[in-house]
Amino acid sequence: MSKVDINKSWNYAAAPESTAHIQLKKKYDLFIGGDFVKPLSKKYFDTVNPANGEQIAKVAEANKQDVDRAVKAARKAFKSWSKLSVKERGKYIFRIARMMQERAREFAVIESLDGGKPIRESRDIDIPLAANHFFYYAGWSDKLEYAFPNKIPKPLGVAGQIIPWNFPLLMAAWKIAPALATGNTVVLKPAETTSLTALKLAELIQDSGLPKGVVNIITGAGETGAAIVSHPDVDKIAFTGSTEVGKLIQKSLAGIEKKTTLELGGKGANIIFEDAAIEQAVEGIVNAIFFNQGHVCCAGSRLFVQASVADVVIEKLKERISTLIIGDPLDKNTDIGAINSTEQLATIEKYIAIGKKEGADIYQPKCQLPKKGNWCPPTLFLNVSQSHTIVQEEIFGPVLTIQTFRTIDEVIEKANNTPFGLSAGVWTEKGSKIFKLSQKLKAGVIWANTFNKFDPASPFGGYKESGMGREGGLHGLKPYLKFKS
Ligand code: ADP
């Protein structure tokens, strides 16, 4: 068991800019039963750096037999893990959190290298939040009986967890930490374009001394995910990804007793009233949509500005986005990194073309984009209406639609007029408006005078087509438990 120095603090000043301190293998196998094992499929795929298109490593592609091996390992481990004292369980989870802090720098660099997000975000947001998630749920593991009095909480068994590419390590933490705290074991699959931090987490877990098979991390694409979903010995599916795949999963599980949580797409409304602190609101708009290149399910991708301040807000917004630095994700000054994959870039470009075709006015600041890699400038669409495709469908890129409104009731109706219901933001100095909107907006998360703030204690999840179930907080434990009275 490795020793962790709990007095050591995080060193933000030593921000990573180079890849000199990271250790990556050329080829990654599957993490099953506590060891890295060759895939029975014998297949590997490339993971590439989206900022230059170059191959970083080869990653194993798990087939059905590999999934079965991982599920068997998780089932075997469940016998003893579920019976371990709740205090011991918590200690293991705490240790993972501490080791993640210790390796934060390496995780941050790999996250930006493999996924394209600015290093400032990986370093200051993704990795610390991921560690905090483990800390938070470490604390719950010995308090379940108090959280659910008279109910005798019991773990479900083997949790199959499928995560997306926009917050790779953070989503792994959101999935694994509550599963372990509740006594379940895990088979987790990262997204195919961003496997590396999950595999680094596998190495960390190996070093942490967590009993073998409690967490299994297998890599692959949609077929591997589907094999996890359909495996008869998986008791629970936790999925974060597109609404399209979420619906497929739900359909495939119809009538089957498998607890399912789905965290899907969004089309968040960001609402600016005339009494808002305009400078702060403009910063908030930028953060809401350009954070992580807009690859954020809860992004504020629809801006609603009260008509009386629309001109000034739009002018300031145009000025502000012309100062954003687009480029090398590993550069500490970068604001907007690389689009995660060529496929996603094509999707975003398709929506930009649709926006233009449907008659919206486009604004993109003049900027020099790197020659190699996947890039998209910050993009505004003005003169759009509710019926525009770019207002109704999730783009998952740095593209913001801008509409105006006159009254609070008008904006509530427009904001709710979407198939999604994940997030919303409200900018106003008036508490009464915040109160009314928090009651009336159909969204799982509503921010006031801020945006994209996350905390492990705060439940996250959507209404309507944005999914079902919650992650984070006490609510995040329930989907991993069954109860007896
Ligand atoms: P996106 O469209 O944004 O890439 P996806 O929903 O396709 O998002 O991907 C999210 C995760 O779901 C990834 O890990 C991906 O490999 C996985 N996945 C894709 N298709 C399926 C499927 N049919 N069943 C289960 N998992 C899938």
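Each remark here, short or long, concerns the structure printed above.
So, here is what we can say about the structure in this document.

Procedures and definitions
- Residues numbered from 1 in each chain as written.
- Predicted model: local features only at pLDDT ≥ 70, side-chain atom pairs only at ≥ 80, totals over all residues.
- Heavy atoms only, no water.
- Helix = DSSP H or I, 4+ residues; strand = E, 2+ residues; numbered from the N terminus.
- Rg over C-alpha atoms; globule rule 2.2 N^0.38 Å.
- Buried < 20%, exposed > 50% of the residue type's maximum accessible area, 1.4 Å probe, protein only.
- Contact = heavy atoms within 4.5 Å.
- Axes fitted to C-alpha atoms, helices over the stretch in contact; angles between N-to-C directions.
- Parallel < 35°, antiparallel > 145°, perpendicular 65-115°, else oblique.
- Left-handed = near helix turned anticlockwise from the far one by under 90°.
- Near = heavy atom within 4 Å.
- Polar contact = N/O pair within 3.5 Å; in protein donor to acceptor, adjacent residues only side chain to side chain.
- Areas by Shrake-Rupley, 256 points an atom, 1.4 Å probe, with all protein chains shown as cover.
- Nonpolar A, V, L, I, M, F, W, Y, C, P; charged D, E, K, R; others polar.
- Pairing = 2+ DSSP bridges.
- Arc of directions from axis to C-beta.
- Core = buried A, V, L, I, M, F, W, Y, C linked by side-chain atoms within 4.5 Å.
- Phe/Tyr/Trp six-rings, centres within 6.5 Å; stacked < 30°, edge-to-face > 60°.
- Disulfide = S-S within 2.5 Å.

1. Some points on the overall build of the chain
What the chain contains, in helices and strands, is 15 helices and 22 strands. For 485 residues, the compact-globule estimate of 2.2 N^0.38 gives 23 Å, and the C-alpha radius of gyration of the chain, at 22 Å, lies within 12% of that figure. Considered along the principal axes of its C-alpha atoms, the chain spans approximately 65 × 55 × 45 Å. Counting the 485 residues in the chain, one finds 58% classified as buried. Intrachain contacts of the chain at a sequence separation of at least 6 include 76% that bridge at least 24 residues.

2. Focus: the packing of helix α2 (residues 86-102) against helix α6 (residues 168-181)
Contact geometry for α2 and α6: axes closest at 10 Å, N-to-C directions at 165°. If you check the angle between α2 and α6, you find them roughly antiparallel. For the crossing formed where α2 meets α6, the hand is left-handed. Residue-level inspection shows Arg89, Ile93, Ile96 and Met100 of α2 in contact with α6, the latter providing Leu169, Ala177, Leu180 and Ala181.

3. Notes on the site of the ligand
Near the ligand lie 17 residues; those nearest to it are Ile163, Trp165, Lys189, Glu192 and Ser242. Isoleucine 163 places a polar main-chain atom, nitrogen or oxygen, 2.8 Å from an oxygen atom of the ligand. Between the ligand and alanine 226 there is a distance of 3.5 Å, counted from a nitrogen atom to a backbone nitrogen or oxygen. Coverage of the ligand by the protein amounts to 78% of the 550 Å² it exposes when considered alone. Of all the elements, helix α8 (residues 222-230) adds the most residues to the shell around the ligand, at 3 residues. Looking at the shell around the ligand residue by residue, the class counts come to 10 nonpolar, 5 polar and 2 charged.

4. A look at the environment of glycine 33
Here glycine 33 lies in the loop between β2 (30-32) and β3 (35-37). A C-alpha to C-alpha distance of 26 Å links glycine 33 and aspartate 114, two positions 81 residues apart in sequence. Among all residues touching glycine 33, those that are not within four sequence positions of it are Ala73, Lys212, Gly213 and Asn216.

5. A short note on the sheet that holds strand β16 (residues 399-405)
Ordered in space as β14-β15-β16-β13-β12-β18-β19, the 7 strands form an open sheet in which the pairing is mixed. One side of each edge strand has no neighbouring strand; the edge strands of this open sheet are β14 (361-363) and β19 (445-448). Geometrically, the sheet is characterised by an average inter-axis angle of 20° between neighbouring strands, direction not taken into account. Across 4 bridges, strand β18 (residues 423-427) lies against β19 in parallel orientation. When the sheet's bridge partners are listed, alanine 424 is paired in β19 with isoleucine 446. Along the sheet face, helix α12 (residues 342-357) touches β14, β15 (379-382) and β16 and points at about 25° away from the line of β15.

6. Remarks on the sheet that holds strand β1 (residues 27-28)
Spatial strand order, β1-β5-β4: 3 strands in an open sheet with mixed pairing. Single-partner strands in this sheet number two, and they are β1 and β4 (44-48). Bridging between β1 and strand β5 (residues 55-60) involves 2 bridges; their strand directions are parallel. When the bridges of β5 are listed, lysine 27 appears paired with lysine 58.

7. Description of helix α14 (residues 408-416)
Where α14 is concerned, the buried positions are Ile408, Val411, Ile412, Ala415 and Asn416. All buried residues of α14 lie within an arc of 125° about the axis, which places them on one face of the element. Looking at the buried positions of α14, the neighbouring elements they touch are β12 (269-272), β13 (302-306), β16, α15 (431-440) and β20 (463-464).

8. Considerations on unusual backbone geometry
The phi torsion at asparagine 150 lies on the positive side, around 60°, for a residue other than glycine. Within the fold, asparagine 150 resides in the loop between α5 (144-147) and β6 (153-155).

9. A word on the nonpolar core
The biggest cluster of nonpolar side chains holds 107 residues, and the ones touching the most others in it are Met100, Leu180, Leu201 and Leu317. With 11 residues, α6 is the largest single contributor of residues to this core. The residues touching methionine 100, leaving out its near neighbours within four places in the chain, are Phe107, Ile127, Ala130, Ala131, Phe134, Leu169, Leu201 and Leu204.

10. As for the packing of aromatic side chains
The geometry of an aromatic ring pair is captured by two quantities: the separation of the ring centres and the angle between the planes. Per the stated rule, a full pass over the model turns up 13 aromatic pairs. The interplanar angle of 80° and the centroid separation of 5.3 Å between the aromatic rings of phenylalanine 273 and phenylalanine 405 together place this pair among those described as edge-to-face. Here phenylalanine 273, found in the loop between β12 and α10 (278-290), pairs with phenylalanine 405, found in strand β16; they are 132 residues apart in sequence, far enough to count as distant. In terms of burial, phenylalanine 273 and phenylalanine 405 fall into one category: buried. A centroid spacing of 5.8 Å and a plane angle of 90° characterise the contact between tryptophan 447 and phenylalanine 454, whose relative ring orientation is edge-to-face. On the basis of relative accessible area, phenylalanine 454 is assigned to the partly exposed category, the value being 22%. Grouping aromatic residues by their ring pairs yields a cluster made of Trp174, Trp447, Phe451, Phe454 and Phe460.

11. A closer look at the state of the cysteines
Under the counting rule described, the total for this entry stands at 0 disulfides. The thiol of cysteine 298 is not disulfide-bonded; the next cysteine sulfur, from cysteine 297, is found 4.9 Å away. For cysteine 298, a relative accessible area of 1% puts it in the buried group. In this structure cysteine 376 is a free cysteine whose sulfur lies 8.9 Å from that of cysteine 367, the closest cysteine sulfur available. Note on cysteine 376: relative accessible area 3%, which makes it buried.

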